[in-house]
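Spelled out from the first residue to the last, the chains are:
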Amino acid sequence: MGHDAANQAGDSPPDVDAVVVGAGFAGLYALHRLRGLGLSVRVFERGEDVGGTWYWNRYPGARCDVESLDYSFSFSDELQQEWSWSERYATQPEILRYLNHVADRFGLRSDITFGTRVVSAVYHEPSAQWVIETDRGHRVTARHAIMAVGNLSVGRVPDFPGLDLFLGQTYHTGDWPTDGVDFTGLRVGVIGTGSSGIQAIPMIARQAAHLTVFQRTPHYTIPAQHHRLDPDWLAAFKQHYADYRRRMRVSRGGLSRDYSERRALETPPPQRHNTYEARWNFGGAEILGSFADLLTDERANSTVAEFVAGKIREIVHDPEVAGRLIPHGYPFGAKRLCVDTDYYETYNRANVALVDVTATPIEAVTPAGIRTSAGEHELDAIVFATGFDAMTGALLAMDVRGRGGLPLTQAWEAGPQTYLGVCVAGFPNLFIITGPGSPSVLSNVVLSIEQHVEWVSDLIEYLRKHDLDWAEARREAQHEWVAHVNDVASRTLFPVGNSWYLGANVPGKPRVFMPYIGGVGRYRAICDRVAAGGYTGFDLGHAGPEEAPVPDAAPVLQPVLHATDAAALADAEGAWG
Ligand code: N01
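Residues numbered from 1 in each chain as written. Predicted model: local features only at pLDDT ≥ 70, side-chain atom pairs only at ≥ 80, totals over all residues. Heavy atoms only, no water.

> Explain helix α9 (residues 269-282) to me, please; I cannot follow it from the model alone.
With 14 residues, α9 extends 20 Å between its outermost C-alpha atoms, agreeing within 8% with the 20 Å of an ideal straight helix rising 1.5 Å per residue. Contacts from the buried residues of α9 go to β10 (221-223) and α10 (298-315). Looking at the residues trailing α9, positive phi occurs at Gly-283, about 95°. (Helix = DSSP H or I, 4+ residues; strand = E, 2+ residues; numbered from the N terminus. Expected span 1.5 Å × (residues − 1). Contact = heavy atoms within 4.5 Å.)

> Looking at this model, I keep getting lost on the site of the ligand. Mind explaining?
Taken together, 24 residues surround the ligand, and among them Arg-63, Ser-196, Arg-216, Thr-217 and Lys-335 come closest. Here Asp-65 contributes a backbone N or O atom positioned 3.0 Å from an oxygen atom of the ligand. About the coverage of the ligand: the protein hides 90% of its 910 Å² of free accessible area. Per-element tally for the shell around the ligand: the top contributor is helix α6 (residues 195-207), with three residues. Its residues assigned to classes, the shell around the ligand shows nine nonpolar, ten polar and five charged. (Near = heavy atom within 4 Å. Polar contact = N/O pair within 3.5 Å; in protein donor to acceptor, adjacent residues only side chain to side chain. Areas by Shrake-Rupley, 256 points an atom, 1.4 Å probe, with all protein chains shown as cover. Nonpolar A, V, L, I, M, F, W, Y, C, P; charged D, E, K, R; others polar.)

> Honestly, the pattern of salt bridges in this entry has me stumped. Any pointers?
If charged atoms from side chains of opposite charge come close, those side chains can pair. Under the criterion given, the structure shown has 26 salt bridges. The partner of Arg-336 in a salt bridge is Asp-65, and the shortest N-O contact between them spans 2.7 Å. One end of the pair, Arg-336, is in the loop between α11 (319-325) and β11 (338-340); the other, Asp-65, is in the loop between α3 (53-56) and α4 (77-82), with 271 residues separating them in the sequence. Under the relative-accessibility criterion, Asp-65 is labelled buried at 16%. If you follow the salt bridges from partner to partner, you end up with Arg-35, Arg-42 and Asp-111 in one network. (Salt bridge = Lys/Arg side-chain N within 4 Å of Asp/Glu carboxyl O. Buried < 20%, exposed > 50% of the residue type's maximum accessible area, 1.4 Å probe, protein only.)

> Is there a simple way to explain the packing of aromatic side chains in this structure?
Two measures describe an aromatic ring pair: the distance that separates the ring centres and the angle between the ring planes. Considering all chains together, one arrives at 41 aromatic pairs under this definition. Centroid distance Trp-54 to Tyr-71: 5.9 Å. Interplanar angle 80°. Geometry classified as edge-to-face. Placement of the pair is Trp-54 in helix α3 and Tyr-71 in the loop between α3 and α4, with a sequence separation of 17 residues. Site record: aromatic cluster; members linked through ring pairs are Phe-25, Tyr-29, Trp-54, Tyr-71, Phe-73, Phe-75, Trp-83, Trp-85, Tyr-98 and Phe-106. A cation over a ring is seen here: Arg-403 above Trp-470, with NZ or CZ 4.7 Å from the ring centre. (Phe/Tyr/Trp six-rings, centres within 6.5 Å; stacked < 30°, edge-to-face > 60°. Lys NZ or Arg CZ within 6 Å of the ring centre and 35° of its normal.)

> Where do I start with the side chain of Asn-429 in this structure?
Residue position: Asn-429 is located in the loop between α14 (408-411) and β18 (430-432). There is a polar contact of 2.8 Å between the side chain of Asn-429 and the backbone oxygen of Asp-469. In this view, Asn-429 contacts Trp-130, Arg-143, His-144, Ala-145, Leu-463, Asp-469, Trp-470 and Ala-471; residues no more than four positions away in its chain are not counted.

> Honestly, the pairing of strand β15 (residues 375-378) in this entry has me stumped. Any pointers?
Side-chain direction in a regular strand flips from residue to residue, so the side chains alternate between the two faces of the sheet. Across four bridges, strand β14 (residues 369-372) lies against β15 in antiparallel orientation. Bridge pairing links Thr-372 to Gly-375 in β15. Here β14 hands over to β15 after two residues, the two strands then running antiparallel side by side. (Pairing = 2+ DSSP bridges.)

Laid out in structure tokens, this is it:
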């Protein structure tokens, strides 16, 4: 179907300049920015409204674990001045209200088609156009295809035997009913204790008659120490918003507070303990930034791991339950650090039980509940907090084909390969916002989205100014970038954790460390240098029968990373966490 459509693209001009897939943070900003350049844009969104992740993840307790003052758009000072966050960490409903406000304020809805899934995107070489088809029968041609599909948008439910026989209700945290769920009086099981499970468990425990948590791997979590934002404090803060954002842009993680340069192993133990204590009390993922060597040196890492284990023993009354909750076997922070409210305290409740499914594996879902090797747990509802096919799931769910009809699934058979985490060799004018190989999920993703959208729109503008039709990453440049991403990751403890960063949570998925750990400030500098060099590492060209690259406009590949930069980047205390 996709091929036939592509063959019909012919010589006619594209229907729109750009198609954007997704209307979350990334899609909304891409639409706004490209429209501002005078491009015609069509956005397709599978949800019935804007929001992306924040449209679907409505589970109880869902809130962002990046602070709201950081996790919001910076591109418009008017927007950031007029919007007032009510809490340190925003709830899902408040973030969704914010994104609705953005959509209305910038008049974005008229260019968005909701309730529509893109099923294929096929590149038609002679016309240098993308042919996009949807599940509702749209067929649109576009010069540029912007994939703003999110990194965590395809939920995973493990294939337990008997799942379809269960007589109660089942839910996935990433596809929560719009009207919410009332668990009052019910016996509920939650499978999974990552960020979603850890947020949902305390809330469900308060409502349900009984909650059984099925934990495979204990995750590290730090209390949010959440609070409301005082309106006077906020008004004073907003006067310095521009400076605050500037610091975020050059930081490691895209956050306003950066990593300490001190090393844990060179800090006397009492001082080290005080640092952890202060950061624990401050709350959130800040603790990862306590010392520069936490994510590069296992001995340093074990000092923070021991500190957190001590906290778990203090909070959880039953020592045996505390023991089961203490993470082991992987470094602190190597799996995504979770941020919670009352998570460990929840295990002191009489109506909550913790089942270790590594010791007693789930054998089947039965009509009445879940059976592990130790016996059956009767349940009225099961919540799957079992995560996502991260970073590549949504892209590979579409039939994306580049030059010569090459499917993206084939190009990425051995794992995702990109240049700068945004472009793929063989797929001209296809841009992946926060794609694998960019800081994406290891950063404040809203800031990384802004950087990508701006960089991509600058590239599109460059093509238009130079009367060019397409840009395509060169294979050598891509190869060099992938090697660099792997090299930086291999100098940290991240690859040791069997995490979704590596695709380890999806059986059969190739294991590739997907996010770029070099830090958002450095990453931005590299992208800027590529642009300043006339898009180093790209071929740029015209549509038409002789659509070969234009030699003058397409600089030959120069090493993107000069020796000194590579050394600096490889000095990857840049791993921010
Ligand atoms: O998913 P996860 P998530 N049997 O993959 C378990 C973002 N996020 O939805 O660790 C039993 O982290 C699995 O066990 P294990 C954030 O980036 C952000 O919680 O694989 N258990 C794990 O415990 C986050 O990292 C916010 O051994 C099974 C859990 O399910 C990402 O989304 C909030 C299993 C999955 O954890 C994903 O988080 C929420 C099986 N067969 C999420 N299969 C913010 O606040 C899987 N598990 C911004």
